[in-house]
Each structure stands twice: as C-alpha cells, then as structure tokens.
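Structural description and commentary
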Amino acid sequence: MNLQKLRSDFPGLHQDVHGKTLVYLDNAATMQKPRAVLDAMEKYFVEDCANVHRGVHLLSERATKSFEAVRGKIAKFIGSKDANEVVFTKGVTDAINLVAHSFGRKHLEKGQEIIISGMEHHSNIVPWQILAEEKGLTLKVVPVTDRGELDLEAYAKMIGPKTGLVSMVWVSNALGTVNPVKQIVDLAKAHDVPVMFDGAQALPHVPIDVEAIGCDFFAGSGHKCYGPTGAGFLWGKKKRLESMPPYQGGGDMIVSVTFEKSTYREPPARFEAGTPNIAGIIGLGAAIDYLGSIDLAAARAHEDDVTRYCAEQLSQTAGIKLVGTPTQRAGAVSFVMDDIHPHDIGTILDREGVAIRTGHHCAQPLMARMHVPATARASFGIYNTREEVDVLVGGLKKVRELMG
Amino acid sequence: MSSDLRDLYQELILDHQKRPRNYRKLEAPNRVMRGVNPLCGDSLELQLNVEDGVVKDIGFEGSGCAISKSSASMMTERIKGKPVAEALEIFGRFHHMLTEGAPSEADEEALGKLAVFAGVREYPARVKCATLAWQTLKAALESDAPLPDVGNVSTE
C-alpha cells in the first residue's frame, strides 16, 4: 500500500498547528475527509442543487439519483442485499433514538428488560433510559472486565424471557474493544430477542456483514468513516422496519394527508420526514466509494499495525498505564499518565501539533468502572503512521518534563 | 518547551496542583456546593463556613486537571477570611480576566497572585477549568438552601 499517496488524498492532514506538523490522532471523534468526499458535496451544491424526491426538473432528478444511490452503497458496504433496509439519519445517536421511539414504543412492554453493556457511549444509554421511564422497562447492564472486555458469562445469564431488546456497541469508542458480536447475537437469538449494534466505531475499522452476524439493527455515522457530519444511517431488517410506526411526522414520509387522517409510506421513507441532509448523504456515499477504490483490507491492516504499535509503545513508557487491554482492539488506545490529568496532557500535546481527545469520551459509567475520572485517547485512521505514534510518545515525554 | 505553555503552566500553578491548599472537608460546614463540568467530567465539592457575612473557613475536594485544581486551591487561599461581598467582587474580576481581556491595574491589584491565570485566556478550551471553582463558590455564596441540602452547579 502506498501510504504517501493515500495521505495525499486527505487535504486536512497537511497543515501545521502551533508551528508544528499536524499529527491527527482524534479519529474516533471525527475523521479527516478525502478530497473525493468534498468534491462530491461541492458537485451537488454547484451542479445539482435541488430538493430530492419532488422536483420534475433535471436538477432535482440528478440530485435524487445521487442521493438514492447511497442507500445501495451503504447496504453493500455492510452486507445487506436490500437498499430499502437503509434509513438515512443524522448519525448513530439519531438512529438509536429512532429505534427507541419507534420500535421501543411499539414492541416493548412494561416489565420487559433492555440489555446494554457497561461500555456504552451515552448515546446508547440515555435513549433507553428515557424509554424505560416512559414504558416501565428495566435497563440491564452487562458488566465490563478489568481488561475492558464484555463479561459474556454475565450476559448469558442476564438474557432470558423478560429481555425485549439487546443494544450494544460493536467497537468501544473509549477503549477500542471489539465486542464478540456473533456470540452476542447467537445468545439473543436463542431467546428470540432482537439485537441492535451501535456501529459508530465499527464502520470505519472492521468489516461489517449484518446478514452473517444476524443482527436486527445497525447504526452508523458518516463522519466517523471519512464522510461529513450530520449524515448517517440506520440499517434494519425489513420485517422489523415494516413493523414500526413513524419516528417523526412531516413531509416526504406520507402517502396522503387529510385533517382527519394521514397514511404513511413504506420504509425507509416512513422514517425520513422533512428535507434530508442531501449533500451530507451524497458525501457519505462518496466516502464509501473512496474506501472501495483503495485496497481497504490492506489499509485496515496498516491501521491495525499502527494502533498495535501505539499500544505497545505507550505500555513501555514509564508512568503511562493503558486503560483497557482488550485482546481484540480497533482504532483507539486510551491511557492515563501518573498523576497528570488528561486535560493537561491534551493541551500540551496540542502545542506539539498532536491532536488527541481527553475526557470521559461520553462514557462516564465506563470511566467509573475503569476507576479513572477521564483518559487521554489516541485514535487512528487508515492514514496514520508509526512515525506519528513516535511524535505522540515524544510529546508525552515533554508533558512529563513540563508537569514535573 | 515552548514558552507559551509556560505562560499557562506557571510554577505557582503547578505548585498548587501538587500541594493543593485547603484540600479538606470542614467539620461543620454551613454551605456545601458541588460543581461539575459535564463536558470533561471535572468535579469538585466546596465546603464553607459563612458567618456574619464573612467566609470564615473554606475547603474543597474533587478531581480535575492542573488548572482546575490549582484554581480552586488559590481561590480558597484568596477568599478565606474575606467578606462575602469582596469574594463576589474578586469573582467578577477573575471571570472578566479570563473571558473579556487583560486585567486593568485595579483588577491586577485586587486579584494579586490570581493574575497568574491570565494565560488561560489564550486557551479557550481551558477557561472553564479555571472558572469551575469560582462558579461553584458564587453559587454557594448566593445559595440560601439550608443544610443538609447540597447544591449543584454546572459550567454548562
């Protein structure tokens, strides 16, 4: 794989910050975008700027064609054969809220349980808490081990006749843990329980095959996979989506409206009220096309190598402790450093040109479980290099010097 | 090491981070307030004894970065024994220094050692670290909730 060529596809990487070469290691927050994504979005705004689904004119036809083509691209990328199983959303948070409001309100009943894990992002906790309070449901949390892995035995015991839904993260944003998704689904299927995956960090880092895994819902965010913000999707099995009432009401999701009664379109249109983020979805499609144009398996193998190298280097640096040491890791390495708070690490590294994330990573219960108030997290994309990890490690030595 | 980082992490700040003053619980506080920054998870609990309009004693505990911890430590030193009205006035000057611009001569005089935090203004992401303890103090001084109610204040 030609790494220099790949890096040249991403204009955002090539800049100085505070007089130092940018080392962008905050990919789990959002990724840099390849030129192809920016070009596709500009093309829409410049040449095809029209609303979708309703114009009889050429611009609207072209916009609609580009926009609708993205469903098929997403479906193919995640192993679904049916483009109509893809519902466009703002991102993963929006997709989880959609399932909570629509599937949850319709199909979950008082006394039932929703199983999540101890390593969820707040976006896969709070929507279920709101639903649980409204419907009289109980939230059950699968514990996390000291290594930052799911306690599968505890999960197996937790699941049973009262379980109404399992919703879990595929890859932890805070620790990088890759969960055993096939086992999670198989255990749920034994009890006929539907399973949803928060795929925010899985989409960019691991191959996804929703049909082989056998889950019912999968949520992805474009901007965490080299696309723009505000554009993501919910994939759902056709029979599940068909069983669900609308999430939001408005234009584009109806068959007919009178003041007495409105009727709704079939999925996915039923769940897409209002003018969508057309440019964003087209950009997301371009990101998937871009990943299809490179040797993605080789690029991901390279990314895994850099991620592993980072974990090794940090674990060998005096004073640094990794938070989470999962056997299956993707995309992120979380760590703490002696008594130096992650915020101070982040500020000092920033002045060295190194962008990382510090804080609780929207996973406060997980931080509590790992006995840390916050961590510093380096997270990777296909364009990062071992040399960049070396700059990070060098920067951490400067943190130590400065903070004494 | 770049000199501008030294403007932020001055020796005085690092000293208070390593040896925070008044880092303790009071025996019988009559004001207790918890402050959190939900964006980063920093939190502290402030305990005060306010009698006859004077901050007789003050202590804090919590977790946070060097900026938030040293700011809390230096704040307790600065306002211990001071009238409530003066503490609130210092709050105003401190807040102004971090959010509006360089302190005037009068501000500098009133702030004393606290002017060491002027460098934080150049780091917008860190301003709330420095002001968390002060926002908590303001809420505690303005609160009339009787104990054992513990108040909560948030930077957001």
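Residues numbered from 1 in each chain as written. Chains lettered and ligands numbered in written order. Predicted model: local features only at pLDDT ≥ 70, side-chain atom pairs only at ≥ 80, totals over all residues.

1. Considering the overall build of chain B
What counts, and what does not: Runs of E in the DSSP output that reach at least two residues are strands. Runs of H or I that reach at least four are helices, and both are numbered from the N terminus. To sort residues by exposure, count the other C-beta atoms lying within 10 Å of each residue's C-beta; 20 or more gives buried, 12 or fewer gives exposed, and values between give partly exposed, all with C-beta atoms placed from the backbone.
Assigned secondary structure in chain B consists of 6 helices and 4 strands. When the elements of chain B are put in sequence order from the N terminus, they spell out α-α-β-β-β-α-α-α-α-β. Principal axes of the C-alpha set define a box for chain B whose edges measure 45 × 35 × 30 Å. Here chain B holds 156 residues, and 39% of them are scored as buried.

2. Quick notes on the overall build of chain A
To keep things clear, this is the line we draw: For a compact globule the rule gives 2.2 Å times the number of residues to the power 0.38, and the radius of gyration it is set against comes from C-alpha atoms. Here the contact rule is simple: place C-beta atoms from the backbone, and any two residues whose C-beta atoms are within 7 Å are in contact.
A count of helices and strands for chain A gives 15 helices and 17 strands. Computed over its C-alpha atoms, the radius of gyration of chain A comes to 22 Å, within 12% of the 22 Å expected for a compact globule of 404 residues. Along the first, second and third principal axes, the C-alpha set of chain A runs to 70 × 55 × 35 Å. Burial statistics for chain A: of 404 residues in total, 52% are counted as buried. In chain A, of all internal contacts separated by at least 6 residues, the share reaching a separation of at least 24 is 70%.

3. Describing the sheet that holds strand β13 (residues 320-322) of chain A
Residues and elements named next belong to chain A. So the rule is basically this: Each pair of strands is called paired provided DSSP finds at least two bridges between the two strands. As a rule, the C-alpha atoms of each element are fitted with a line to give its axis, helices using only the stretch in contact, and angles between N-to-C directions run from 0 to 180 degrees.
Sheet architecture is open: 4 strands sit in the order β13-β14-β17-β16, paired in antiparallel fashion. Each edge of the sheet is formed by a strand with only one pairing partner; in this case those strands are β13 and β16 (357-359). Neighbour to neighbour, the strand axes of the sheet diverge by 30° on average, direction disregarded. Relative to the sheet, helix α12 (residues 296-315) contacts β13, β14 (332-337) and β17 (375-379), its axis offset from that of β14 by approximately 15°.

4. So, the packing of helix α2 (residues 11-18) of chain B against helix α3 (residues 66-79) of chain B
Residues and elements named next belong to chain B. Threshold: For classification purposes, an angle smaller than 35 degrees is called roughly parallel, one larger than 145 roughly antiparallel, one from 65 to 115 roughly perpendicular, and anything else oblique.
Direction vectors running N to C along α2 and α3 enclose 85°, while the axes themselves pass 8 Å from each other. With respect to their mutual orientation, α2 and α3 come out roughly perpendicular. Of α3, the residues touching α2 (which contributes Ile13, Leu14, His16 and Gln17) are Ala66, Lys69, Ser70, Ser73 and Met74.

5. Side note on unusual backbone geometry
Omega for the bond connecting Pro267(A) with Pro268(A) falls within 30 degrees of zero, at 5°, which places this linkage in the cis form. Tracing the sequence through the fold places Pro268(A) in the loop between β12 (262-264) and α11 (278-293). A positive phi angle, close to 60°, is found at His361(A), a residue other than glycine. Position of His361(A) among the secondary structure elements: in the loop between β16 and α14 (364-369). Its identity is not glycine, yet Asn22(B) carries a phi of approximately 55°, on the positive side. Here Asn22(B) is to be found in the loop between α2 and β1 (31-37).

6. What about the pairing of β17(A)?
Residue and element names in this part refer to chain A. Along β17, 5 of the 5 residues are buried, which leaves the element largely enclosed by surrounding structure. Because side chains alternate across β17, one face comprises the buried residues Thr375, Arg377 and Ser379, and the other comprises Ala376 and Ala378, equally buried. Two elements, β16 and β17, share 3 bridges in a ladder whose sense is antiparallel. Note that in β17 the partner of Gly359 across the bridge is Thr375.

7. A closer look at the nonpolar core
Nonpolar side chains tend to gather and get buried jointly when the protein is soluble and globular. To be explicit about the condition: Each nonpolar core consists of buried Ala, Val, Leu, Ile, Met, Phe, Trp, Tyr and Cys residues. Their C-beta atoms, within 7 Å, join them into a set. Reported domain spans reflect what an automatic or database domain assignment gives.
In terms of nonpolar packing, the biggest core is built from 119 residues, with Val99(A), Val195(A), Leu234(A), Ile282(A) and Ala287(A) touching the most fellow members. In terms of residue count, α11(A) provides more of this core than any other element does, 10 residues in total. When residues of this core are sorted by domain, at least three fall in each of domain 1 (3-30 + 295-403) and domain 2 (38-292) of chain A. Counting 34 residues, the second-largest nonpolar core is a separate cluster that includes Met74(B), Met75(B), Met97(B) and Ala130(B).

8. Quick look at the interface of chain A and chain B
Counted only if it meets this: Note on residue classes: Ala, Val, Leu, Ile, Met, Phe, Trp, Tyr, Cys and Pro are nonpolar, Asp, Glu, Lys and Arg are charged, and everything else, Gly too, is polar.
Opposite the 17 residues of chain A that make contact, chain B presents 14 residues. Sorting the residues of the side of chain A that touches chain B by element identifies α13 (342-351), α14 and α15 (386-403) of chain A as the ones contributing at least two each. In terms of residue count, α13(A) provides more of the side of chain A that touches chain B than any other element does, 5 residues in total. When grouped by side-chain class, the residues that make up the side of chain A that touches chain B number 6 nonpolar, 7 polar and 4 charged.

9. Considering helix α2 (residues 35-47) of chain A
Note the cut-off: Expected helix span is taken as 1.5 Å per residue step, with the number of steps being one fewer than the number of residues.
When the terminal C-alpha atoms of α2(A) are compared, their 17 Å separation across 13 residues agrees well with the 18 Å that a helix rising 1.5 Å per residue should span. Tucked inside the fold, the buried residues of α2(A) contact α3 (58-77) and α11 of chain A.

10. Topic: the sheet that holds strand β3 (residues 54-63) of chain B
Residues and elements named next belong to chain B. Spatially, β3-β2-β1-β4 is the arrangement adopted by the 4 strands of the open sheet, whose pairing is mixed. Looking at the sheet topology across the chains shown, the edges are occupied by β3 and β4 (151-154). Across the sheet, the mean angle from the axis of one strand to that of its neighbour is 20°, orientation sign disregarded. When strand β2 (residues 42-51) meets β3, the two strands line up antiparallel, connected through 9 bridges. Within β3, the position partnered with Glu51 by the bridge is Val54. Lying on the sheet, helix α6 (residues 127-142) is in contact with β1, β2, β3 and β4; it crosses β1 at an angle near 150°.

11. Details of the environment of Ile382(A)
Residue and element names in this part refer to chain A. Mapped onto the elements, Ile382 comes out in the loop between β17 and α15. For the pair Ile382 and Glu134, spaced 248 residues apart in sequence, the C-alpha to C-alpha distance is 42 Å. Residue contacts for Ile382: discarding those within four places in its chain leaves Leu6, Ala299, Arg300, His302 and Glu303.

12. Describing the domain arrangement of chain A
Residue and element names in this part refer to chain A. Segmentation of chain A into domains returns domain 1 (3-30 + 295-403) and domain 2 (38-292). Computed over C-alpha atoms, the centres of domain 1 and domain 2 are 28 Å apart. Facing the 23 residues of domain 1 at the interface are 24 residues of domain 2. Elements represented by at least two residues in the side of domain 1 that touches domain 2 include exactly α12, β14 and α14.

13. Quick look at the environment of Lys138(B)
Secondary-structure assignment places Lys138(B) in helix α6. Counting along the chain gives 16 residues from Lys138(B) to Glu122(B), while the straight-line C-alpha distance between them is 24 Å.

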